[in-house]
Amino acid sequence: MFKINSRKLTQQEAILLVENIKLITEITGYSLKEWLTFEDVLIAEDQEENMLGVCLAYDFSSNWSFISVLFVLEKFRGKGIGQLLFKEACRQILSRKRNVYTSSRNPVVIKMMKQLNFILFDTLYVLPQPFNKYKFDFLLRGIKWITSFYRMKELSRKYLKYKDKRKFVYGIKSYE
Ligand SMILES: CC(C)(COP(=O)(O)OP(=O)(O)OC[C@H]1O[C@@H](n2cnc3c(N)ncnc32)[C@H](O)[C@@H]1OP(=O)(O)O)[C@@H](O)C(=O)NCCC(=O)NCCS
């Protein structure tokens, strides 16, 4: 049994997350310091409130939110936790009358996007209509995200491991 809570991570949870995310190529992630500043991380917990997985979403413009991290600890995968976290993140964003944007190269997450009827696309140069007018917001979000010593270091380290060359798929779900 597990439940989803929206709260800050404890120091111990943040350390566990950083250590685990360092081992996978699908997520670049955030530094320990950054994780500890996020107020509302969706956290899947067991009965004893042990963290099993997390989903991090944040607002990046007046009407857009980005799902930045979806992660389930390896031994708890395949039990529906990732899907529940992703659905709950989308539900919370849409209920605030905001659009959801995310991207992934993981087939499991791409399948989740399809199941929730996301509009999928493969380049950020031209967004699907009628969203192309928000291109600048998307660009700015990307620039802010990459402007981090931690992420530049992690990206260059992980780049060497991107052997399968799976492409990123981008997804939008509009609240309207
Ligand atoms: C991606 C991730 C979050 C999925 O979490 P999860 O708890 O294992 O996923 P779920 O159990 O909710 O499964 C969701 C769906 O994917 C399917 N699925 C899960 N793992 C699968 C696998 N390894 N192969 C094929 N299908 C899989 C499930 O059967 C389920 O399908 P359904 O909707 O038809 O029932 C998890 O694997 C993970 O943390 N991976 C590493 C980090 C990562 O890549 N995150 C995404 C970056 S954007």
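Keep in mind the model is a prediction, meaning the values are calculated, not measured.

A. Main features of the site of the ligand. Every one of the 18 residues lining the ligand counts as a neighbour, but Glu26, Arg77, Gly82, Gln83 and Ser104 are closest to it. Where the shell around the ligand is concerned, the elements lending two or more residues are strand E4 (64-72), helix H3 (81-95) and helix H4 (107-115). Each residue belonging to the shell around the ligand can be placed in one class, and the counts come to eight nonpolar, six polar and four charged.

B. Molecular detail of H3. In this model H3 runs 21 Å from its N-terminal to its C-terminal C-alpha over 15 residues, within 8% of the 21 Å that 1.5 Å per residue would give. When we look at burial in H3, the residues that qualify are Ile81, Gly82, Leu85, Phe86, Ala89, Cys90 and Ile93. Projected down its long axis, H3 carries its buried residues within an arc of 165°, all on one side. For H3, exposure combined with an orientation more than 90 degrees from the buried face picks out Arg91 and Ser95. Following H3 by one or two positions, Lys97 has its phi on the positive side, about 55°.

C. Representation of the sheet that holds strand E3 (residues 51-61). Taken in spatial order, the seven strands of this open sheet run E1-E2-E3-E4-E5-E7-E6, and their pairing is mixed. Only two strands of the sheet have a single neighbouring strand rather than two, namely strand E1 (3-7) and strand E6 (119-121). The average angle at which neighbouring strand axes cross in this sheet is 25°, direction not considered. Bridge analysis of strand E5 (residues 99-104) against strand E7 (residues 169-173) gives five bridges, and the strand direction is antiparallel. Within E7, the position partnered with Val100 by the bridge is Lys173. Docked against the sheet, H3 engages E1, strand E2 (41-45), E3, E4, E5 and E7, running at close to 25° with respect to E3.

D. Structural context of the pairing of E4. The buried fraction of E4 amounts to eight of the nine residues, a majority that puts the element mostly inside the structure. Note: E3 against E4, eight bridges, orientation antiparallel. The residue of E4 that forms the bridge with Leu56 is Val69. Between E3 and E4, which pair antiparallel in sequence order, lie two residues. Of the strand pairs in this sheet, E4 and E5 are connected by four bridges, and their pairing is parallel. Residue pairing for E5: Ser65 is matched across the bridge by Val100. One crossover worth recording links E4 to the parallel E5 by way of H3, and it is right-handed.

E. Seen up close, the environment of Leu84. Checked against the element boundaries, Leu84 lands in helix H3. The partly exposed category is assigned to Leu84, around which 18 C-beta atoms lie within 10 Å.

Cut-off values and rules
Residues numbered from 1 in each chain as written. Predicted model: local features only at pLDDT ≥ 70, side-chain atom pairs only at ≥ 80, totals over all residues. Near = placed C-beta within 6 Å. Helix = DSSP H or I, 4+ residues; strand = E, 2+ residues; numbered from the N terminus. Nonpolar A, V, L, I, M, F, W, Y, C, P; charged D, E, K, R; others polar. Expected span 1.5 Å × (residues − 1). Buried ≥ 20, exposed ≤ 12 C-beta atoms within 10 Å, placed from the backbone. Arc of directions from axis to C-beta. Pairing = 2+ DSSP bridges. Axes fitted to C-alpha atoms, helices over the stretch in contact; angles between N-to-C directions. Contact = placed C-beta atoms within 7 Å. Right-handed = clockwise from strand over helix to strand, strands pointing away.

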